[in-house]
Amino acid sequence: MSFLLQWIDLIWLPLAFFVSQKHQRLWVMSFFISCMFMMRLQAELVESTGHPNGFLNITSIDVLTRGIMVYSLFYAIYLVLLLFSPYSKGVMLMAASLSLFFTALFTSMIVMVL
């Protein structure tokens, strides 16, 4: 069960593939895979300091689970944005992907540290 919960966010990949248009799929898949990779790097960084529940131990939820929750929220926001802008491509889609990536990165780091 623990192994399944560690990789539960992979459910978003096929969903994102089918929601996005054909010309958007490269950026969309790049966004999702890089977010999943970054979340695991962040969780590994916090856990390697010897604080599996964050530095302040406010909750008993481990950092990977918190990261999955935060990034899942941003995955949902990203998919909603894709649904409302089906013709966005190129530079605009890249800019939206990068801005949401860094927003998710900083938000999840704050949540993981708490």
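Refer to the structure above for everything that follows.
The structure contained in this document is the topic of the report that follows. What you see is a predicted model; the values in this text were computed from it and never measured.

Within this structure, the stated rule accounts for 9 aromatic pairs. Centroid distance F17 to F18: 5.5 Å. Interplanar angle 80 degrees. Geometry classified as edge-to-face. On the basis of relative accessibility, which here comes to 34%, the residue F17 falls in the partly exposed class. For F18, a relative accessible area of 66% puts it in the exposed group. Among the aromatic residues, ring-to-ring pairing joins W12, F31, F32, Y71, Y75 and Y78 into one connected group. For R25, the ring lying beneath its charged end belongs to F17, and the centroid distance is 4.3 Å.

If you trace the backbone, R40 turns up in helix α3 (residues 25–48). Residue classification places R40 among the buried residues on the basis of a relative accessible area of 18%. Within polar-contact distance, the side chain of R40 engages the backbone oxygen of M36 at 3.2 Å. Those residues in contact with R40 that sit more than four places away from it in its chain are Q6, W7, D9 and L64.

All right, on to the side chain of S20 then. Looking at where S20 falls in the secondary structure, it is placed in the loop between α2 (12–19) and α3. Polar side-chain contacts of S20 include one of 3.3 Å to the backbone oxygen of F17. Not counting residues within four places of it along the chain, the set of residues in contact with S20 comprises R25, V28 and L82.

Cut-off values and rules
Residues numbered from 1 in each chain as written. Predicted model: local features only at pLDDT ≥ 70, side-chain atom pairs only at ≥ 80, totals over all residues. Heavy atoms only, no water. Phe/Tyr/Trp six-rings, centres within 6.5 Å; stacked < 30°, edge-to-face > 60°. Buried < 20%, exposed > 50% of the residue type's maximum accessible area, 1.4 Å probe, protein only. Lys NZ or Arg CZ within 6 Å of the ring centre and 35° of its normal. Helix = DSSP H or I, 4+ residues; strand = E, 2+ residues; numbered from the N terminus. Polar contact = N/O pair within 3.5 Å; in protein donor to acceptor, adjacent residues only side chain to side chain. Contact = heavy atoms within 4.5 Å.

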